[in-house]
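# Coordinate analysis (summary)
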Amino acid sequence: MEFTLLIVIIVLALIFDYINGFHDAANAIATVVATKVLSPFQAVVWAAFFNFLAYWVFGFGVADTVAKTANTMDINLVVILAGVIAAIIWNLFTWWQGIPSSSSHTLIGGFAGAAIAHAGFGVVSWYKAGKDGGMPSGVLIIVAFIILAPLLGALISYLMSIWLLNASKKSIYPKIFTASLMVLTVWFVESQMIYYDQIEKPRFDSHFWSVAFEAHNIKWFLVAFIVLSISTFCLIFSSLNLNQATAWLKKMQLLSSAAFSLGHGGNDSQKVMGIIAAAVAVYINTSGVAQESLPAWLDVVLPNDEGAFKMPAWIPLACYSAIAAGTLSGGWKIVKTMGSKITKVTSFEGVAAETAGALTLYFTEHFKVPVSTTHTITGSIIGVGLTKRVSAVRWGMTVSLLWAWVLTIPISAILAAIIYYFFSIFI
């Protein structure tokens, strides 16, 4: 019975990941479709490709955080089953209504709600201080980023828009600022690099290729590439006429949407990995099966003070494949909301919003915080709208979105608790 439940949870988690793909596809492609840089079909293929490419870029930091939402020693598989089903129901409902709610918070809310119904509030990891002054974790931190992620996205996109606007003027000062930023970016990325003697398991005999293809380093290379590419454009922006500038911005939008799709795949797929890993850990705890006797495809080890997160390769591969397949399925109702109902988006705004969203996702992933890609890109779109005028943002629509954001975790939690109580009667 326990093993059957585990298989059902794994299948449902991958279904949720697929739904997440088409539910959140709009996050990555709304602006690139709204500005007609790509057709809807081209845009989803583009986004799906970079969703899957994230498999080789990101680690398991966010998966680690999600897996530890509740103490796996104090829950059972019915808890996880109820949480995943509640998340699927709320995701499908919000998709049907065209509401860009957070799939991430839906999943975490469902997991936490079912766990509370089973063992009380103490079973949930509400807050845990970070090691050596690092980023703290827990559900309260995730809740805080309901506000912080869109604010961070809005701030970055606002500042990036101001930077681009000034770069279009024939003045030496924006160019001095841009050159200084390029130097700072190279210095910062170099300081974040992991070199050969720090890599636990080098992929190649060559020091150069091992460093170049280390997942941690690839992420920072991408950050440098994004910032340096926009900086290069800013250096020549003032010498371009309107048609040339528009053509360049449309090309850059391909880069920014790819960067955001990469962040979406890396952030959201890891949440499902965390749920699957937690399910395997609970199965080991409740079934009495020894870790050593498990088949290799279930060799999952949750992180603790002595060891790192470990999972077989099929789990991340399946999760990234599922979200990429879901993205290919589209999600046009939410594309309409994100691409036109918040503020009118041009290629200029698209580049600023997507780049800001991508950078926000990369940095939050670095700190293992599972943020919402929906909240992040919405905040970024609002940020670019504010550079025109406050009234350029359709605040009525924005307030409706905020209500959906605030209600997602509690509604998912209540729904999961109800489903848990129902299942407990029969299982």
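Residues numbered from 1 in each chain as written. Predicted model: local features only at pLDDT ≥ 70, side-chain atom pairs only at ≥ 80, totals over all residues. Heavy atoms only, no water.

Named according to an unreviewed UniProt entry, the protein chain is Phosphate transporter originating from Flavobacterium limicola. Quoted verbatim from the Sequence similarities (unreviewed entry) heading of the UniProt record, the comment on the protein chain is "Belongs to the inorganic phosphate transporter (PiT) (TC 2.A.20) family." (UniProt positions renumbered as here; feature names shortened; annotations may be inferred.)

## A few points about the packing of helix α7 (residues 139-167) against helix α8 (residues 172-192)
How two helices pack is summed up by the angle between their axes together with the distance between the axes. The contact between α7 and α8 brings their axes to 9 Å, and the two run at 130°. The pairing of α7 with α8 is recorded here as oblique in orientation. Read as a crossing pair, α7 and α8 show a hand that is left-handed. Residue-level inspection shows W163, N166 and A167 of α7 in contact with α8, the latter providing P174, F177, T178 and L181. In terms of residue class, the contact of α7 with α8 is built from five nonpolar, two polar and no charged. (Axes fitted to C-alpha atoms, helices over the stretch in contact; angles between N-to-C directions. Helix = DSSP H or I, 4+ residues; strand = E, 2+ residues; numbered from the N terminus. Parallel < 35°, antiparallel > 145°, perpendicular 65-115°, else oblique. Left-handed = near helix turned anticlockwise from the far one by under 90°. Contact = heavy atoms within 4.5 Å. Nonpolar A, V, L, I, M, F, W, Y, C, P; charged D, E, K, R; others polar.)

## Some details on the nonpolar core
Core analysis: the biggest nonpolar cluster contains 101 residues, and L6, I75, L77, I80, F111, I230 and Y362 have the highest contact counts within it. Counting residues per element, this core draws most heavily on helix α11 (residues 242-287), which supplies 18 residues. With residues up to four places along the chain from it excluded, the contact list for I80 reads I9, I75, F111, I275, A278, A279 and V282. Grouped together as the second largest cluster of nonpolar side chains are eight residues, V32, V33, V37 and L38 included. (Core = buried A, V, L, I, M, F, W, Y, C linked by side-chain atoms within 4.5 Å. Buried < 20%, exposed > 50% of the residue type's maximum accessible area, 1.4 Å probe, protein only.)

## Describing a nonpolar patch on the surface
Taken together, L155, Y158, L159, I162, L165 and L386 make up a surface patch of nonpolar side chains, about 480 Å² in accessible area. Top element by residues in the nonpolar patch is α7. It accounts for five residues. Relative to the elements of secondary structure, L155 occurs in helix α7. Assessed through its relative accessible area of 47%, L155 is described here as partly exposed. (Patch = residues over 30% accessible without salt bridge, like charges linked within 9 Å, V, L, I, M, F, W, Y side chains within 5 Å. Areas by Shrake-Rupley, 256 points an atom, 1.4 Å probe, with all protein chains shown as cover. Salt bridge = Lys/Arg side-chain N within 4 Å of Asp/Glu carboxyl O.)

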